[in-house]
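Reading the structure
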Amino acid sequence: MNRREFVSRLTAATAFAGVASPAAAAEGRRVALVIGNGAYSNVPALLNPPNDASDIAAALKRLGFTVSLAANAGFDEMRRGLIALGRDAAGADMAAVYFAGHGMEINGENWLIPVDAELKRDTDAANEAINLQSVMLQVSNTTSLGLVILDACRNNPFAARMNRSIATRAATMSGLGRIEPVGNVLVAYAARDGTTALDGDARNSPFATALLRNIELPGVEVTFMFRNVRDDVMEATRNAQQPFVYGSLSRQAIYLAGRPTAGADGAPTPLPAVALPAPQHTPTSPTIDPALVGTWEIMVPSGRGQSRWIWQIMGDGTYRFHAEPQRSARPHEGTITAANGHWTLHALRGLSGYSDGGAYEIRNALAVITGKLGTGAWKRSAE
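Residues numbered from 1 in each chain as written. Predicted model: local features only at pLDDT ≥ 70, side-chain atom pairs only at ≥ 80, totals over all residues. Heavy atoms only, no water.

**Some details on the overall build of the chain**
Within the chain, the secondary structure is distributed over nine helices and 18 strands. The proportion of buried residues among the 383 residues of the chain is 49%. Looking at the chain alone, contacts between residues at least 24 apart form 65% of all its contacts between residues at least 6 apart. Total accessible area on the chain stands at roughly 17,600 Å², and carbon and sulfur atoms take up 51% of it. (Helix = DSSP H or I, 4+ residues; strand = E, 2+ residues; numbered from the N terminus. Buried < 20%, exposed > 50% of the residue type's maximum accessible area, 1.4 Å probe, protein only. Contact = heavy atoms within 4.5 Å. Areas by Shrake-Rupley, 256 points an atom, 1.4 Å probe, with all protein chains shown as cover.)

Given below as structure tokens:
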């Protein structure tokens, strides 16, 4: 079973239209500003952003966010909305901004473009557009997560018509530029820095379609949710568009649609077991949950692309780890305990002195593992 099939099966009915799920509501106060700009006055219109914004706003409401929605917003409306959001975000558990429309990078700065912008010169951006840095500041004062989601990397007609006051320094590039958020802020681009995103010819853009498919899945940690979005977009666009997330969070797992629950009403339907070769019958140590014995794998993004991490957990309380390609992580082996949803690990060879631990939950062919590296989903491997 591939990741997309797994994601689809997890979409249980945990929220009713217009009503926040109890799990989400219990997490604390959540606020959001959603903007969809399509009807630009001075360049051709974009069809999907108002639809994208409307649908994302509805999803965020179901997740317990208090949402302000702005369609085809001018500069003043965007500025006022961000100021109000910043006030509401102070002390909130989560604050989010979703923007669909035109965005551009000028001289190392990223700008979100209101519908009334003219941008005849590069220097006009400071007075006619919204700086991404200011958006990140408005969501940074939360106790858990500040989230900025930008479907704003489309081919931008403003760049072609703009006069550059300092041509060598202020040249524009395709899409948005790379950023480095600080604190508890994540910024998700529909297409990674320096590349452009598709508006699409359906109701929603490819990125918004993938986000809507994944954002309300219960029990999926937020960073892993964006990995699912990435894979869905790359599949839908035949690898022409790669979403990218910037920022670094602590080891605390963060859930938009509620934490994983086992056996609760409305919980995801258990996945069917994957047919695997008959295992070797090794006596199981009392310190190892038999459900965790076997070979598991997860795909991990890195600066050089995807790498495959593989754990082989034996019933006698030992494990072996290796990665493909090998340079992405050092192979090692050692001892492991796992019982009653908690695990610990101590490396003895290859990575001497390393230890880790955390929580786990087994869902047949999937293991949701929380440790020093955050929360991820391992799948059973036939290896």
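**Focus: the environment of Met225**
Examined against the element boundaries, Met225 turns out to sit in helix 9 (residues 222–236). A relative accessible area of 3% means that Met225 is categorised as buried.

**Describing helix 4 (residues 75–89)**
Over its 15 residues, helix 4 extends 21 Å from the first C-alpha to the last, a length consistent with the 21 Å expected when each residue adds 1.5 Å. The complete set of buried residues in helix 4 reads Phe75, Met78, Gly81, Leu82, Leu85, Gly86 and Ala89. For helix 4, the angular spread of the buried residues around the axis is 135°, confining them to a single face. Residues of helix 4 that are buried make contact with strand 1 (30–36), strand 3 (94–100), strand 5 (109–112), helix 5 (125–128), strand 6 (130–131) and helix 6 (132–138). (Expected span 1.5 Å × (residues − 1). Arc of directions from axis to C-beta.)

**Structural notes on helix 3 (residues 49–62)**
Taking 1.5 Å as the rise per residue, helix 3 with 14 residues should run 20 Å; its terminal C-alpha atoms sit 20 Å apart, in good agreement. Within the span of helix 3, buried status applies to Pro49, Asp52, Ala53, Asp55, Ile56, Ala57, Ala59 and Leu60. At the exit of helix 3 stands Gly64, carrying a positive phi of roughly 90°.

**A few points about the sheet that holds strand 7 (residues 145–151)**
The six strands are arranged 2-1-3-7-9-10 in an open sheet whose pairing can be described as mixed. Whereas interior strands pair on both sides, the edge strands pair on one side only; in this sheet they are strand 2 (65–71) and strand 10 (244–246). Averaged over all neighbouring strand pairs, the angle between strand axes comes to 15°, with direction disregarded. Here strand 3 runs beside strand 7; their pairing, made up of seven bridges, is parallel. Residue Ala95 lies in a different strand from strand 7, and its bridge partner there is Gly146. (Pairing = 2+ DSSP bridges. Axes fitted to C-alpha atoms, helices over the stretch in contact; angles between N-to-C directions.)

**Concerning the pairing of strand 9 (residues 185–189)**
The buried fraction of strand 9 is high, at five of five residues. Here strand 9 shows two buried faces, one formed by Val185, Val187 and Tyr189 and the other by Leu186 and Ala188. Where strand 7 and strand 9 come together, five bridges link them in parallel fashion. What sits directly across from Ile149, in strand 9, is Ala188. Of the pairings in the sheet, the one linking strand 9 to strand 10 comprises three bridges and is antiparallel in character. Paired with Ala188 across the two strands is Val245, which belongs to strand 10.

**Here we look at the nonpolar core**
Grouped together as the largest cluster of nonpolar side chains are 85 residues, with contacts concentrated most on Leu150 and Leu211. In terms of residues, this core owes the most to one element, strand 3, which gives seven residues. Formed by 21 residues, the second largest nonpolar core is a distinct cluster that contains Val300, Trp309, Ile336 and Trp343. (Core = buried A, V, L, I, M, F, W, Y, C linked by side-chain atoms within 4.5 Å.)

**Re the packing of helix 8 (residues 206–214) against helix 9**
Contact pair helix 8 / helix 9: the axes reach a minimum separation of 9 Å and the direction vectors enclose 135°. As the angle between them shows, helix 8 and helix 9 are arranged oblique. Note on packing geometry: the crossing formed by helix 8 with helix 9 is right-handed. Contacts between helix 8 and helix 9 involve Pro206, Phe207, Ala210, Leu211, Arg213 and Asn214 from the former and Met225, Phe226, Asn228, Val229, Asp232 and Val233 from the latter. (Parallel < 35°, antiparallel > 145°, perpendicular 65-115°, else oblique. Left-handed = near helix turned anticlockwise from the far one by under 90°.)

**Let's talk about unusual backbone geometry**
Of the consecutive residues Glu324 and Pro325, the connecting peptide bond is found in the cis state with omega at 0°. By the element assignment, Pro325 lies in the loop between strand 13 (318–324) and strand 14 (332–339). Positive phi values are uncommon outside glycine, yet Asn72 reaches one of about 55°. By the secondary structure assignment, Asn72 is in the loop between strand 2 and helix 4.

**Quick word on the packing of aromatic side chains**
This model, assessed by the stated rule, comprises seven aromatic pairs. Three or more aromatic residues joined by ring pairs form one cluster here, namely Trp309, Trp311, Phe321 and Trp378. (Phe/Tyr/Trp six-rings, centres within 6.5 Å; stacked < 30°, edge-to-face > 60°.)

**So, the packing of helix 3 against helix 8**
Running from amino to carboxyl end, helix 3 crosses helix 8 at an angle of 15°, the nearest separation of the two axes being 10 Å. The angle between helix 3 and helix 8 places the two elements in the roughly parallel class. Pair helix 3 / helix 8 crosses with left-handed handedness. The segment helix 3 lies against helix 8, with Asp52, Asp55, Ile56 and Ala59 engaging Ala208, Leu211 and Leu212. Taken together, the residues of the contact of helix 3 with helix 8 break down into five nonpolar, no polar and two charged. (Nonpolar A, V, L, I, M, F, W, Y, C, P; charged D, E, K, R; others polar.)

**Section: the confidence of the model for the chain**
With 81% of its residues at a pLDDT of 70 or more, the chain has an overall mean of 81. Across residues 166–173 the pLDDT falls below 50, and counting only partners more than four positions away or on other chains, this stretch makes 16 contacts in the model. Note on residues 262–282: pLDDT is under 50 here. Beyond four places in sequence and across chains, it has 24 contacts. (pLDDT = per-residue confidence, 0-100.)

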